[in-house]
Amino acid sequence: KTKYVIEKDRSPDTVVGFRKLLIANFGSLFSAWRRSLDLDSNGVVSQKDFSEACRKLGVTSTKTLWKELDPAGRGQIAFKELDPKTAHEMELLQQALRTNFAHSREGWQL
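Attention here is on the structure that accompanies the text. Here the structure is a predicted model, which means the values were calculated and not measured.

1. Focus on the packing of aromatic side chains
Aromatic rings in a pair are described by how distant their centres are and how their planes are angled relative to each other. Within this structure, the stated rule accounts for four aromatic pairs. Centroid distance Phe 50 to Trp 66: 5.3 Å. Interplanar angle 50°. Geometry classified as tilted. Of this pair, Phe 50 sits in helix 3 (residues 47-57) while Trp 66 sits in helix 4 (residues 62-69), placing them 16 residues apart in sequence. Taken as a pair, Phe 50 and Trp 66 share a single burial class, namely buried. Feature note: the residues Phe 18, Phe 50 and Trp 66 constitute an aromatic cluster, connected by ring pairs.

2. With respect to the nonpolar core
If you look at the biggest cluster of nonpolar residues, it comprises 22 residues, and the most contacted ones within it are Phe 18, Leu 22, Leu 37, Phe 50 and Leu 82. Breaking this core down by element, the ones donating at least two residues are helix 1 (15-26), helix 2 (29-37), helix 3, helix 4 and helix 5 (79-82). Once residues lying within four places of it in the same chain are set aside, the contact partners of Phe 18 are Pro 12, Phe 50, Cys 54, Leu 57, Val 59, Leu 65 and Leu 82.

3. Side note on the side chain of Asp 70
Take Asp 70: it is sitting in the loop between helix 4 and strand 2 (76-78). Judged by relative accessible area, Asp 70 falls into the buried class, the value being 5%. Setting aside residues up to four positions removed in sequence, Asp 70 forms contacts with Gly 75, Gln 76 and Ile 77.

Scoring rules and cut-offs
- Each chain carries its own residue numbering, running from 1 in the written order of its sequence.
- Local features in a predicted model are, by the rule used here, given only for residues with pLDDT of at least 70; side-chain atom pairs are given and counted only at 80 or more, and totals for whole chains, interfaces and linings are based on all residues.
- Processing note: side-chain calculations cover all non-hydrogen atoms of the structure and skip hydrogens and water entirely.
- Pairing of aromatic side chains requires ring centres within 6.5 Å, counting the rings of Phe and Tyr and the six-membered ring of Trp. Pairs whose planes differ by under 30 degrees are stacked, by over 60 edge-to-face, and all others tilted.
- The way it works is that DSSP assigns letters per residue, a run of H or I at least four long becomes a helix, a run of E at least two long becomes a strand, and they are numbered from the N terminus.
- Remark: exposure states derive from per-residue accessible area (1.4 Å probe, protein chains only) relative to the maximum for the residue type, with buried under 20%, exposed over 50%, and partly exposed in between.
- What is meant by a nonpolar core is a set of buried Ala, Val, Leu, Ile, Met, Phe, Trp, Tyr and Cys residues, joined one to another through side-chain atoms within 4.5 Å.
- We call two residues contacting when some pair of their heavy atoms lies within 4.5 Å.

Here's what the structure looks like:
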């Protein structure tokens, strides 16, 4: 069983603390999104999937974190709610790939 790092043996109760926990365990928020949160790679994470990922990480303040990530109460979040800056940079990269290749996947094959 994988053991995850929880800072000071404390579950984070803010999104800032949750982000730090994800980076400590996965190296980056993008990696955490791909390897722990958005397991089906559909671009969104439901509250149920988020709660399950948090449980595996030992995070207990799931409802508090969810309210902060999904204040509109849509029932799902995208990567931009977790990491707006990286999400923006990834969108710019996707736009550049679409501009220069028939399909963005071609650009990743270089």
